[in-house]
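Architecture and fold: a report
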Number of protein chains: 4
Amino acid sequence: MSLTRVAILGATGYTGAELLRLLLQHPHVRVTEIVGQSKAGQKIGAVLPGLAGIVSGDVATYDAARIAKSADVAFACLPHGASGKIVAELHGLGMPVLDLSADFRLRDPKVHAEWYGHDDAPELRAKAAYGLPELFRDAIRSSALVAVPGCFPTASTLPLAPLFEAGVIEDAPLVIDAKSGVSGAGRVPGERTHFAETTEGFRAYKTGGSHRHTPEIEQTLARVSGREVRVSFVPHLVPMTRGILASAYVRPKAGIDAARATELARAKYEGSPSVHVLEPGACPDTLWVRGSNRAHVSYTLDPRTGWLLCQGAIDNLVKGASGQAVQCFNLLRGYDEGTGLGGAAMWP
Amino acid sequence: MSLTRVAILGATGYTGAELLRLLLQHPHVRVTEIVGQSKAGQKIGAVLPGLAGIVSGDVATYDAARIAKSADVAFACLPHGASGKIVAELHGLGMPVLDLSADFRLRDPKVHAEWYGHDDAPELRAKAAYGLPELFRDAIRSSALVAVPGCFPTASTLPLAPLFEAGVIEDAPLVIDAKSGVSGAGRVPGERTHFAETTEGFRAYKTGGSHRHTPEIEQTLARVSGREVRVSFVPHLVPMTRGILASAYVRPKAGIDAARATELARAKYEGSPSVHVLEPGACPDTLWVRGSNRAHVSYTLDPRTGWLLCQGAIDNLVKGASGQAVQCFNLLRGYDEGTGLGGAAMWP
Amino acid sequence: MSLTRVAILGATGYTGAELLRLLLQHPHVRVTEIVGQSKAGQKIGAVLPGLAGIVSGDVATYDAARIAKSADVAFACLPHGASGKIVAELHGLGMPVLDLSADFRLRDPKVHAEWYGHDDAPELRAKAAYGLPELFRDAIRSSALVAVPGCFPTASTLPLAPLFEAGVIEDAPLVIDAKSGVSGAGRVPGERTHFAETTEGFRAYKTGGSHRHTPEIEQTLARVSGREVRVSFVPHLVPMTRGILASAYVRPKAGIDAARATELARAKYEGSPSVHVLEPGACPDTLWVRGSNRAHVSYTLDPRTGWLLCQGAIDNLVKGASGQAVQCFNLLRGYDEGTGLGGAAMWP
Amino acid sequence: MSLTRVAILGATGYTGAELLRLLLQHPHVRVTEIVGQSKAGQKIGAVLPGLAGIVSGDVATYDAARIAKSADVAFACLPHGASGKIVAELHGLGMPVLDLSADFRLRDPKVHAEWYGHDDAPELRAKAAYGLPELFRDAIRSSALVAVPGCFPTASTLPLAPLFEAGVIEDAPLVIDAKSGVSGAGRVPGERTHFAETTEGFRAYKTGGSHRHTPEIEQTLARVSGREVRVSFVPHLVPMTRGILASAYVRPKAGIDAARATELARAKYEGSPSVHVLEPGACPDTLWVRGSNRAHVSYTLDPRTGWLLCQGAIDNLVKGASGQAVQCFNLLRGYDEGTGLGGAAMWP
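Remember, it's a predicted structure, so these values are computed and weren't measured experimentally. (Residues numbered from 1 in each chain as written. Chains lettered and ligands numbered in written order. Predicted model: local features only at pLDDT ≥ 70, side-chain atom pairs only at ≥ 80, totals over all residues. Heavy atoms only, no water.)

1. Quick look at the domain arrangement of chain A
Residues and elements named next belong to chain A. Domain parsing of chain A yields domain 1 (4–127) and domain 2 (152–315). The interface is formed by 15 residues belonging to domain 1 together with 15 residues belonging to domain 2. Summed over both partners, the interface of domain 1 with domain 2 buries about 1,300 Å², with 49% contributed by carbon and sulfur atoms. When residues of domain 1 are sorted by the area they lose upon contact with domain 2, Y14, R105 and W115 head the list and together hold 46% of the total. At the boundary of domain 1 with domain 2, the tally comes to 2 salt bridges. (Domains from an automatic or database assignment. Contact = heavy atoms within 4.5 Å. Buried area = accessible area lost by both parts, 1.4 Å probe. Salt bridge = Lys/Arg side-chain N within 4 Å of Asp/Glu carboxyl O.)

2. Considerations on the sheet that holds strand 1 (residues 4–9) of chain C
Residues and elements named next belong to chain C. With respect to topology, 6 strands assemble into an open sheet ordered 2-1-3-4-6-5, the strand pairing being parallel. At either margin of the open sheet sits one strand with a lone partner, and together these are strand 2 (29–35) and strand 5 (129–130). Both strand 5 and strand 6 (residues 145–147) contribute to a ladder of 2 bridges, which runs parallel. Its bridge partner lying in strand 6, A129 is registered against V146. (Pairing = 2+ DSSP bridges. Helix = DSSP H or I, 4+ residues; strand = E, 2+ residues; numbered from the N terminus.)

3. Section: the relation of the copies chain A and chain B
It takes a turn of 180° to lay chain A on chain B, together with a shift of 0.0 Å along the axis; the resulting RMSD is 0.0 Å. Both copies of the chain, as the preceding transformation shows, are related through a two-fold rotation axis. With an isologous cut-off of 70% or more, the 100% of interface residues of chain A that recur at the interface of chain B puts this contact in the isologous class. (Least-squares fit on C-alpha atoms with pLDDT ≥ 70 in both.)

4. Digging into the interface of chain C and chain B
It is common to give the size of an interface as the accessible area that goes away when the parts come together. Contacts between the two partners involve 32 residues from chain C, matched on the other side by 32 residues from chain B. Taken together, the two surfaces of chain C and chain B that pack against each other cover about 2,700 Å², and 67% of this comes from carbon and sulfur. It is M346, W347 and P348 of chain C in chain C that bury the most area against chain B; as a group they hold 25% of the surface buried on that side. Joining chain C to chain B, the criterion identifies 0 salt bridges. Per-class residue counts for the side of chain C that touches chain B are 14 nonpolar, 11 polar and 7 charged. (Nonpolar A, V, L, I, M, F, W, Y, C, P; charged D, E, K, R; others polar.)

Set out below in structure tokens:
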């Protein structure tokens, strides 16, 4: 199998570092570019001490022309807003790009403008594949640009998509009560992620329908169901580093229970190297997927009230970001989809 | 102000220990009985090392006659099922009792039988006041037996009751997605609370409408609204020791928004020494109430979907158990309701 | 008992907030000034959400003349270096001050200059009492300025002082391996205290004899022993919010074992409202003192090697800062030393 | 490269589960036996939920004859005391065994008897290689039984061995103040590892020279130095799941500083796939090695007191147990020493 030379842009943040961890173990990859901005020129082992003694050299500066020569594919782990131009530039040089930012995820320019304002690359965004392999495998294979989904949309969409696709959910505004570990907020320190005010505390944030992952979830569920979908998405911060648990509450159509939902999901995800559908009524735990590219999905019906609880658990930095990007990369390059991603969760 | 002699039964578990911490600071209380079962005969300072050098003597065995002589009021911090008989015995000896178990919370014998099976004291249960002072202050004052609410019902009911009482919520099965710290599971070690499998993990438990706090919430909301209420209650375990955040999703009637809900709650809880209603859209944090008898309540409308998020945050061991018991005790004994409970949260 | 009007300077940091929590419960105190700098003008309940609904009003700006009128005593919870001038100014206006910074702790100007450089108030520093009540009770009572000790020196000195005073330790460079919760680093976010890089990590910092608490420990042990003392002090960061455990390793003189050390410490701390000496060989736990002004001290001899392990556990924000300041304040004002500080640890 | 068929005994505990995680990714291994005792007959994916959907089948019962046929090599992850007989039985059937228990670590029968009492296999113990590859590579290669070191001895010995071997440390009783994450206590719940009493608490345990890892450290340092060594080993429990930091305090001989110690360690560990020696004065963090088979080692001199601080950080379940076992296995089977172990730490 031919080797792919890979560039990582934004390699010193959490998703960039996680990509490095994964790609250094990938049998068909050679990481040729470790690019950062604020930390450029510093030793990689100093910026990412877990790599001290494993990876030598300095964090490189961004230079599109150099990268286009030294690498075959680029992963962009840049902040929303900063990614668009750089991705466009690399795309213009003929490089396939896997973009982990939000800049290319929303296809409708109006929706993108409403939630993000800026719009650096509307034409390019129309061409991007949405990098959720379990739903859009073929599009990813043939795309030159993959917009890798956000962590919340991945955890939320995986349990819901099979039911929306099968048309077994009543039309009604959907509630998704989601919980995320703190690493989702990134590497830049702030009050919200200061240890002493985070540990032993639990809270919601960006309530009132204001979290930008909302339209991403709506877009995907609309695509698979063919209908407009409205989601009330409420994120919470869990005093732990990694992991997302999304608890979605839906009204199933008559006759649909947890067993039937489980069947639909198992049929949908058969053969997936990443998604595992638990027994009906089981409760996934983020610890069981931590450090892995696994998603645990489950369904539970409350017979007293008729609500169907659809849960998805992932590691936000792996299946919710960097692992999923590698999964898309494998499809793009014709490798087996799970290559370099077979590892089980780190437990405990 | 006259002094009350107090007995604590089950003093070595988490709620018992928390009661001791609070009552030792209460200006009108003398704790005369520290009673345990499995740890009887051991030094108090060995069983509860935080009290070493503060409280001397051994954990006492249970003896109703002795306790009826040495104490004026009893707090029972016993497991569900074990409390009923003991409370009945002390009640028979003329002692006012504050019971922290579930044995006297559900008034309808059929509902009690359905959720708990055993029924040691049906007549007595009919006489018990439900110890949520903000809603049932007068009944608590004149009752000889107070059934102190569970932690989840307190966190869930406080934000919802003003809206149900005012009739501004649509009839529909309600979703309460609740999150609890691990101390709610008590002092007995088990797989579910083993450190290495709890920290850095997040999961739901007792899903499918099976958690026994469900009928308690339904009972209270029905009492204040005069209508039957059905709740889908889904508890989650947060990797932290103390705190509950309940996120309830309701459909408000036309014209009801977060500002109006906030007004209703502020009117309802005016003068309360415990409940604080945040500004509309604010997000309570369990860390802000930890160690205190405070409840933080807030309301947020998602204008895109029409869902009204009603949140309540408490410390499960204080406002969700022992602090609330002291609050009820103050009412029962004619002390100012907040006596001994004025402390702010331990932050950070 | 007469009421004392109190000003808190730097009230919005962790030690300031903890002082507020304690003083609001103090029966002889009225807090008349809540002063901050970076947060001046903001609502107290917004800056310290645990006080929302308890304390109204805004964070005040610093104004020495106003404070001297409205308060009888000031507590300064300011950063090292910033405290000196302000304390001198209030002292000049005749106000007794309890200073929680390091600016007045080291008596020898040369030692102060060596470790801190700046020296805003050398004369005043010579007059300050060192606020460790268990060792310097009388000096604190009659002092107009109390330099409240640092958290590490308190945890380290309490177990060692009785042995140094009794002359039962061999002269030799002492090793103190100390461990602190993260709140010791204060409220300003930084890489070192970012949740995702703190939880599930453990590390030393400021090694090589560079931590500024070193000379404070040496000064106190020299004072009680009458000999020069050299300490190798190595702090570590524990992924928890509160608590310090100091493990000091000393060579006892012939015939001195853990039982004898325990006797000496119990004799020294008899009647103390704060220090509890555990049985020989017992291991204190920071959780047993969290949220309280308690110090747990213990001694263990390793008979195979002759090392005597002397341990002290405190809550860094209470006995290691704000609680100890209140203890000094009580002495200064003639109140019972433990007033407002009797509470047991918050456990669990 | 030929494939090795591997049996894991005690596969459902923490070290067994970690071995499975590692060996499932090892390119030259096929795991043919997943054996447990208390969980035999249960589905692997139920007992180890992280493996659900990855490994099918049930946990097998122990059967020496069957295992000798189906596997080429056995890893024993059994409790101390339980391992001896089983290892002897498999050894008798001609199977190379990597034993993670303490049963074969101490070579001197008197020392073994003193610390462990039982002695199931004295002759076999004399033949076992001590599985610390960095020190005893050749013995491991040619041994039929490898006694894989404990977690504390690995973290403690790696920084100390180069200095003891070079004879640059003064003879004197050594202090090792070590800190471990909670997973070291295993999967069986207990008071010591109950979440609510572990998080936010820090404490020592097994003080007074009583921890059984003491003689292991002394044995290794004696072997490399040719002199008897006495260690005062004091373990502490850190509220985190994985990681050990050992802080050893030694008196260096004249002229030996951190730079020289660093040189000696770098020379000793040159070419090691696991040990990385940090710059003089740097502080290793357990988070930087978590989930990896890496050890970070560093040296810091306190010039004021002359103490040399020697630190080692590892993941107790990887380099302190299962990863080290795989490293030994690679030597035993002639694979490259780092095969299947190249992964960087999971960070953050």
